[in-house]
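Chain by chain, the residues run as shown.
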Amino acid sequence: MKSFLLVPKESIETQARPGVRGTAQGERVLVRSTALRFSGAQKAPDALTALGLRSATLPGMKPAISGQEPKGRRRGGKKVAGTRGADSSTVPMPGAAVTEQTGSEAGSYRFMPLIGATMAHFYSVDAENAARGELAEDFEFIPDVVPLSFPGPVSAGQTGPRNRGMSSLAQREWPDESGVPLAHAQGIRGAGVMLGILDTGVDADHPEHASKTIQFRYVSLFPNSPHNPARDVRGFDPDGHGTHVCGIAAGVHHGVAPEVDLYAASVIESETIRTSLGRVAAGMEWLLHQFSAPENASRPAVVNLSLGFPLQPPPGISEADYLLNQRALQTMLRRLLDSNVLPVVAAGNSGPNTVGYPAAFPEALAVGAVDMAAPYVAGIAALYRCRAPDLTALEVRDLILANAIKLPRSGGHRTGKGLAVFR
């Protein structure tokens with residue numbers, strides 16, 4: 001099986017029109033646009049349907065209910081364990097290879113109109129070639145082969161104030177220099193702002209989150225398949241990274257913006273801390289769908305992405321495929337800005353003077369780590385958007401950069417604009 005993200009070439013090569021509109025009275029209207037569809041985007045799902053691929057755009061089968069015995073095949077009156085793909089309800093054994101369930105169809109696809117892309121899985125070379133014959137003139141076929149991951153830990157040998165500030169158990173409050181205590185004293189705590197997190201998940205029972213209502217979606221290993229649909233469940237996090245990120249940005253006791261409405265999508269597996277372009281795309285489409293609901297369309301929003309591509313193409317991945325994956329993710333960030341959503345992206349912990357992708361794209365507000373990293377800045381952005389909800393995402397980004405505290409220059413390290421604070 002091969003998987004591709006089909007993105008209209010016009011989407012990659014051109015900028016979409018701004019989503020913010022004005023009125024005759026001069027009042028700023030920040031209604032989130034759900035019409036960021038390029039003219040040819042619908043052509044992909046129509047063509048794939050005609051070629052026999054199965055649509056996964058609508059919800060697929062319901063997940064198995066916890067506590068129910070999974071269905072299996074009976075042989076001679078005895079139940080025989082199936083393999084993943086043989087039966088939709090079977091669960092793979094730990095360490096076993098996981099493969100997409102296939103049937104008589106040529107493949108499957110999911111149309112994601114809000115990011116202007118279609119994720120397609122082809123079960124044969126003939127099906128892929130037929131799709132290329134129909135769509136290659138208008139669409140980039142971006143192979144979903146380059147892994148993304150969240151930034152690894154800073155090694156013990158690297159310099160930096162790793163044991164001060166919020167990383168110390170003795171320091172339970174944000175320092176005054178951050179501006180967070182001032183914002184909270186003024187009643188600015190993120191109310192009315194939507195914060196999206198794409199990470200390993202969030203533990204809904206953690207003390208920092210137990211009293212919050214969290215919109216949570218698990219994006220499965222095959223999110224664009226009708227056999228393994230993404231689904232809304234109670235928040236969980238087998239790794240802890242996503243819970244950590246959500247706690248910094250929005251924890252009820254120690255978060256920067258504790259009153260934001262939290263939308264978390266689990267797109268990274270704890271076993272490998274890896275994800276794929278398709279899973280990130282599915283998570284981002286879900287976030288934009290939530291943010292564009294009628295009751296949310298005029299509310300400010302921020303998205304935290306503590307994930308990125310490796311600095312160089314991994315072994316076995318061509319430079320061309322690597323660059324195509326990067327361009328596709330850049331297009332998704334552009335969709336966020338077009339929808340008045342500010343993307344805050346971790347620069348990565350790959351060493352001094354390195355910035356990974358997608359953080360290095362101009363559409364992203366890139367954050368390098370000291371004691372406080374991307375989720376801290378996402379919380380700061382939420383505070384600014386809470387105080388002035390009529391500001392655009394780009395205006396909030398510029399405000400954060402303009403108010404940053406300058407850091408001392410170092411001969412061996414880049415300091416960027418400085419430390420993000422609320423003023």
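Numbering of residues starts from 1 in every chain and runs along the sequence as written. With the structure being a predicted model, the display of local features is reserved for residues of pLDDT at least 70 and the display and counting of side-chain atom pairs for 80 or more, all residues being used for whole-chain, interface and lining totals. Computation of side-chain values covers all heavy atoms of the structure but excludes hydrogens and water.

What about the overall build of the chain?
Strands here mean DSSP runs of E at least two residues long; helices mean DSSP runs of H or I at least four residues long; both are numbered from the N terminus. Within the chain one finds nine helices and 18 strands. The buried share of the chain, reckoned over its 423 residues, is 50%. The criterion used for residue contact is that any of the two residues' heavy atoms lie within 4.5 Å. Intrachain contacts of the chain at a sequence separation of at least 6 include 75% that bridge at least 24 residues. Accessible surface is estimated by sampling points in the Shrake-Rupley manner with a 1.4 Å probe; for residues, cover comes only from the protein chains shown. Entry remark: accessible area of the chain is about 19,700 Å², with carbon and sulfur atoms responsible for 53%. A 1.4 Å probe rolled over the protein chains alone gives each residue an accessible area, and that area as a share of the maximum for its type sets the label: buried under 20%, exposed over 50%, partly exposed in between.

Some thoughts on unusual backbone geometry
The phi angle of most residues is negative, glycine excepted, and most peptide bonds adopt the trans form. Across the junction of Tyr357 and Pro358, the peptide omega takes the value 20°, indicating a cis bond. By the element assignment, Pro358 lies in the loop between strand S17 (341-346) and strand S18 (365-367). A positive phi is found at Asn340, a non-glycine position, where the angle reads about 65°. Counting through the fold element by element, Asn340 comes out in the loop between helix H7 (319-338) and S17. On the basis of relative accessible area, Asn340 is assigned to the buried category, the value being 6%.

Re the pattern of salt bridges
It is possible for side chains of opposite charge to pair when their charged atoms get near one another. For this document, the term salt bridge refers to a Lys or Arg side-chain nitrogen within 4 Å of an Asp or Glu carboxyl oxygen. Applying the stated criterion to the full structure yields nine salt bridges. Across the salt bridge formed by Glu140 and Arg327, the nearest N and O atoms sit 3.9 Å from each other. Here Glu140, found in strand S9 (residues 139-143), pairs with Arg327, found in helix H7; they are 187 residues apart in sequence, far enough to count as distant. Note on Arg327: relative accessible area 32%, which makes it partly exposed. A salt bridge links Arg335 to Asp338; the shortest N-O distance between them is 2.9 Å.

Topic: helix H8 (residues 374-387)
If you check H8, its first and last C-alpha atoms are 20 Å apart, about what 14 residues at 1.5 Å a residue would give, namely 20 Å. By the criterion of burial, H8 is predominantly enclosed, with 13 of the 14 residues buried. Take the residue count of a helix, subtract one, and multiply by 1.5 Å to get its expected span.

Re the sheet that holds strand S13 (residues 231-232)
Here the rule is simple: two strands pair whenever DSSP picks up at least two bridges between them. The sheet built from seven strands is open, its strands ordered S13-S12-S14-S11-S16-S17-S18 with mixed pairing. Edge positions in the open sheet fall to S13 and S18, since each of these has one partner strand only. Pairing between S17 and S18: three bridges, direction parallel. From the neighbouring strand, Val345 faces S18, where its bridge partner is Ala366. Between N-to-C directions, angles span 0 to 180 degrees; the directions come from axes that are lines fitted to C-alpha atoms, helices contributing only their stretch in contact. Most of the contacts of helix H5 (residues 241-250) go to strand S11 (residues 194-199), to which it runs at about 160°, and overall it touches S11, strand S14 (261-266) and strand S16 (301-305). Contacts from helix H6 (residues 277-291) reach S11, strand S12 (214-218), S13, S14, S16 and S17, with the element oriented near 155° to S14.

Considerations on the packing of aromatic side chains
Working definition: rings of Phe, Tyr and Trp (its six-membered ring) pair if their centres are within 6.5 Å, and the pair is stacked with planes under 30 degrees apart, edge-to-face with planes over 60 apart, and tilted otherwise. All chains considered together, the criterion is met by nine aromatic pairs. Their ring planes at 65° and their centres at 6.0 Å tell us that Phe4 and Phe141 sit as a pair that is edge-to-face. Residue Phe4 is found in strand S1 (residues 2-8), and its partner Phe141 is found in strand S9; the two are separated by 137 residues along the sequence. Residues Trp174 and Tyr376 carry aromatic rings whose centres are separated by 5.4 Å and whose planes lie at 35° to one another, so their mutual orientation is tilted. One end of the pair, Trp174, is in the loop between strand S10 (148-149) and helix H4 (180-185); the other, Tyr376, is in helix H8, with 202 residues separating them in the sequence. The same class applies to Trp174 as to Tyr376, namely buried. One aromatic cluster is present, formed by Phe4, Phe122 and Phe141 through successive ring pairs.

A look at the sheet that holds strand S4 (residues 53-55)
The five strands lie next to each other as S4-S7-S8-S1-S9, forming an open sheet whose pairing is mixed. A single partner strand is all that each edge strand has here, and the edge strands are S4 and S9. Within the sheet, the average angular offset between the axes of one strand and its neighbour, ignoring direction, is 25°. Each of S1, S4, strand S7 (107-112), strand S8 (117-122) and S9 touches helix H2 (residues 43-50); the most contacted strand, S8, lies at about 25° to it. Those strands touched by H7 are S1 and S9, and its axis lies near 115° from that of S9.

Looking at the packing of H6 against H7
At a minimum axis distance of 11 Å, the contact between H6 and H7 shows a crossing angle of 5°. Between H6 and H7, the interaxial angle falls into the category roughly parallel. Contacts from Leu277, Val280, Ala281, Met284 and Leu288 of H6 reach H7 at Asn325, Ala328, Leu329, Met332 and Leu336. The residue makeup of the contact of H6 with H7, split by class, is nine nonpolar, one polar and no charged. Here the angle decides the label: under 35 degrees means roughly parallel, over 145 means roughly antiparallel, 65 to 115 means roughly perpendicular, and every other value means oblique. Here the term charged refers only to Asp, Glu, Lys and Arg, the term nonpolar to Ala, Val, Leu, Ile, Met, Phe, Trp, Tyr, Cys and Pro, and the term polar to all other amino acids, Gly among them.

Digging into H5
Summarising burial for H5: eight of the 10 residues are buried, a large majority. Those residues of H5 lying buried are His241, Gly242, Thr243, Val245, Cys246, Gly247, Ala249 and Ala250. Taken together, the buried residues of H5 touch S11, S14, S16 and H8.

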